[in-house]
Amino acid sequence: MIRQVTSIDEIKYLTKTFHSKKKSVGFVPTMGALHAGHESLLKKSVSENDITVASIFVNRTQFNDPDDYKNYPRTIENDLHVLEKAGVDILFLPKYEEIYNDDYRYRVIENSLSKILCGSSRPGHFEGVLTIVLKLLNIVSPAKAYFGEKDYQQYLLIDGMCKALFMDVEIIPCPTVREKDGLAMSSRNLLLTSDERKTAPNFSKVLRNAKSAALAKARLEELGFKVDYVEDLYKRRFAAAFLGKVRLIDNVQI
Ligand code: PAF
């Protein structure tokens, strides 16, 4: 049975005990609504560490749109099933008041990569992400922490933060898991209507096949996407686009 922990003192005590017994701890932070993408991170951690801790915390500070926070899918029963199946040992479910005991007065600010791509249309988003990840890594103190490449900008920023702050943790990127039709797995896919779900696989297809970012943007708009950005950077094509109210992001190697 997976052990559920809500108190910061308790999880710190547990992880200290593992360290004193020379047991390696792997960590998979999530916001819940777990899918096969998360499952691959969890399984990798389970295979590489003695103990795997996962967290579920829908982190309010990274949502620039209050409706997006309110509508974010919460599927705890299914999440527990996924965690058990993957062999996770501990689920950390922190409380907002305890995690943000400073009322979010202290935050991590990055001044370059966090301002472009998703950062330019979601002000404050990466501040919220980096702050919660720093807090969680300090609490759990894992040897390795696992992040999906679907959020490649997030992965680069977290990896950069850990290196800049000399943190003793290895940040492990894990390949994007896709549905059979090519749609990148995402908790937000649950919010698509059935018509939007039919259109959604075109997102990755167009990113992969278009000759340039500009052509990809034009084609996506023809198909009914409201494009936020398509940009080629670091030998990858990054994009974000709305289908109805749902904001999808993806990136492919080019
Ligand atoms: O990728 C996510 O699910 C979140 O941004 C993370 C890393 C768990 C921080 O809240």
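Report follows, based on the coordinates. (Residues numbered from 1 in each chain as written. Predicted model: local features only at pLDDT ≥ 70, side-chain atom pairs only at ≥ 80, totals over all residues. Heavy atoms only, no water.)

**Observations regarding the pairing of strand β2 (residues 25–30)**
Within β2, six of the six residues are buried, which leaves it mostly tucked inside the rest of the structure. Of the pairings in the sheet, the one linking β2 to strand β3 (residues 51–56) comprises six bridges and is parallel in character. Counterpart to Phe27 in the pairing with β3 is Val53. Handedness of the crossover joining β2 and β3 through helix α2 (residues 36–48) is recorded here as right-handed. Where β2 and strand β5 (residues 144–148) come together, two bridges link them in parallel fashion. By the bridge assignment for β5, Gly26 is matched with Lys144. (Buried < 20%, exposed > 50% of the residue type's maximum accessible area, 1.4 Å probe, protein only. Helix = DSSP H or I, 4+ residues; strand = E, 2+ residues; numbered from the N terminus. Pairing = 2+ DSSP bridges. Right-handed = clockwise from strand over helix to strand, strands pointing away.)

**Things to note about the site of the ligand**
Pro29, Thr30, Met31, Asn59, Gln62, Ile132, Val133, Phe147 and Gln154 make up every residue found near the ligand. In this structure, an oxygen atom belonging to the ligand sits 2.7 Å away from a side-chain N or O atom of Gln62. Between an oxygen atom of the ligand and a side-chain N or O atom of Gln154, the distance comes to 2.7 Å. Isolated, the ligand exposes 290 Å² of accessible area, and the fraction of that covered by the protein chains is 88%. (Near = heavy atom within 4 Å. Polar contact = N/O pair within 3.5 Å; in protein donor to acceptor, adjacent residues only side chain to side chain. Areas by Shrake-Rupley, 256 points an atom, 1.4 Å probe, with all protein chains shown as cover.)

**Brief notes about the packing of helix α7 (residues 125–140) against helix α8 (residues 152–164)**
Contact pair α7 / α8: the axes reach a minimum separation of 10 Å and the direction vectors enclose 50°. Our classification of the angle between α7 and α8 gives oblique. Relative to α8, α7 is oriented so that their crossing is right-handed. Contacts from Phe126, Val129, Leu130, Val133, Leu134 and Leu137 in α7 reach Gln153, Gln154, Leu157, Ile158, Met161 and Cys162 in α8. Grouping the amino acids of the contact of α7 with α8 by side-chain chemistry returns ten nonpolar, two polar and no charged. (Axes fitted to C-alpha atoms, helices over the stretch in contact; angles between N-to-C directions. Parallel < 35°, antiparallel > 145°, perpendicular 65-115°, else oblique. Left-handed = near helix turned anticlockwise from the far one by under 90°. Contact = heavy atoms within 4.5 Å. Nonpolar A, V, L, I, M, F, W, Y, C, P; charged D, E, K, R; others polar.)

**Notes on the packing of aromatic side chains**
All told, the structure shown has seven aromatic pairs when counted by the stated rule. Ring centres of Phe63 and Tyr72 lie 5.5 Å apart, and the angle between their planes is 75°; on these two criteria the pair is classed as edge-to-face. Given a relative accessible area of 10%, Phe63 falls into the buried group. Look at Tyr72 and you get buried, because its relative accessible area is 8%. Ring geometry for Tyr100 and Tyr104: centres 5.4 Å apart, planes at 80°, overall edge-to-face. Assessed through its relative accessible area of 2%, Tyr100 is described here as buried. Within the aromatic cluster, the residues linked to one another by ring pairs are Phe63, Tyr69 and Tyr72. The aromatic ring of Tyr69 is capped on one face by Arg74, whose charged end is 4.9 Å from the ring centroid. Positioned above the aromatic ring of Tyr104 is the side chain of Arg107, whose terminal nitrogen or guanidinium carbon lies 3.8 Å from the ring centre. (Phe/Tyr/Trp six-rings, centres within 6.5 Å; stacked < 30°, edge-to-face > 60°. Lys NZ or Arg CZ within 6 Å of the ring centre and 35° of its normal.)

**Digging into the environment of Glu149**
Among the structural elements, Glu149 can be located in the loop between β5 and α8. Taking C-alpha positions, Glu149 is 5.9 Å from Pro173, a pair spaced 24 residues apart along the chain. Setting aside chain neighbours within four positions, we find Glu149 in contact with Pro173, Cys174, Pro175, Thr176, Arg236 and Asn251.

**Considering the sheet that holds strand β9 (residues 246–253)**
Overall, antiparallel pairing links the three strands, which are arranged β7-β8-β9 in an open sheet. Edge positions in the sheet fall to β7 (226–233) and β9, since each has one partner strand and no second. With strand direction ignored, the average angle separating the axes of adjacent strands in the sheet is 10°. Alignment of strand β8 (residues 236–243) against β9, held across eight bridges, turns out to be antiparallel. Within the sheet, the bridge partner assigned to Ala241 lies in β9 and is Leu248. Lying over the sheet, helix α10 (residues 202–209) contacts β7, β8 and β9, oriented at roughly 35° with respect to β9. Packing of helix α11 (residues 213–222) onto the sheet brings it into contact with β7 and β8, and relative to β7 it is tilted by some 160°.

**Focus: the state of the cysteines**
The full count for this structure, using the stated rule, is zero disulfides. Cysteine Cys118 is unpaired, with the sulfur of Cys174 as its nearest cysteine sulfur at 19 Å. Cysteine Cys162 remains unbridged, with the sulfur of Cys174 as its closest cysteine sulfur at 14 Å. In this structure Cys162 comes out as buried when scored by relative accessible area, which is 3%. (Disulfide = S-S within 2.5 Å.)

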